[in-house]
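# Structural overview
The primary structure of each chain is shown beneath.
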Amino acid sequence: MQRNNQNVVDVSLPAHSARWLIELIPDDVIAKIYAEGIPLKEIQDNLAKQEILYATDIFKLEEQDRKIIVWLQ
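Here is a short report on the structure shown in this document. (Residues numbered from 1 in each chain as written. Predicted model: local features only at pLDDT ≥ 70, side-chain atom pairs only at ≥ 80, totals over all residues. Heavy atoms only, no water.)

Another point: the sheet that holds strand E4 (residues 66-72). If you trace the 4 strands from one edge of the open sheet to the other, you get E2-E1-E4-E3, paired in antiparallel fashion. The open sheet has two edge strands with one neighbour each: strand E2 (6-7) and strand E3 (56-62). The pairing of strand E1 (residues 2-3) with E4 spans 2 bridges and is classified as antiparallel. Note on E4: the bridge partner recorded for Gln2 is Lys67. (Pairing = 2+ DSSP bridges. Helix = DSSP H or I, 4+ residues; strand = E, 2+ residues; numbered from the N terminus.)

To continue, consider helix H2 (residues 27-35). Of all the residues in H2, the buried ones are Val29, Ile30 and Ile33. Here the buried residues of H2 occupy an arc of 100 degrees about the axis, which is enough to place them on one side. Opposite its buried face, H2 presents the exposed residues Asp27, Asp28 and Ala35, each directed more than 90 degrees away. Just past H2, the residue Gly37 takes up positive phi, approximately 80 degrees. (Buried < 20%, exposed > 50% of the residue type's maximum accessible area, 1.4 Å probe, protein only. Arc of directions from axis to C-beta.)

Here Gln44 lies in helix H3 (residues 40-49). With near-sequence residues (within four places) excluded, Gln44 lies in contact with Ala18, Arg19, Trp20, Leu21, Ile22 and Glu23. (Contact = heavy atoms within 4.5 Å.)

Now for the environment of Asp65. Inspection of the secondary structure assignment puts Asp65 in the loop between E3 and E4. If we ignore the near neighbours within four places in the chain, the residues touching Asp65 are Gln2, Arg3 and Asn4.

Now the structure itself:
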């Protein structure tokens with residue numbers, strides 16, 4: 001996560017953790033993700049169905065003073 005163009009949080013997790021995104025993300029952030037029209041539940045369901053997870057962007061949430069990017073590396 002970036003705040004005012006500076007990294008303040010940088011978390012690495014095993015790729016299979018993406019199958020449980022909703023459990024890993026704080027509730028207030030989930031509310032903002034849904035408010036932005038990002039279909040988090042559908043994204044998580046699609047990831048859970050994949051046998052192999054490839055490097056890709058999962059979603060981005062950008063606000064005036066912060067940017068959150070979730071991706072598989």
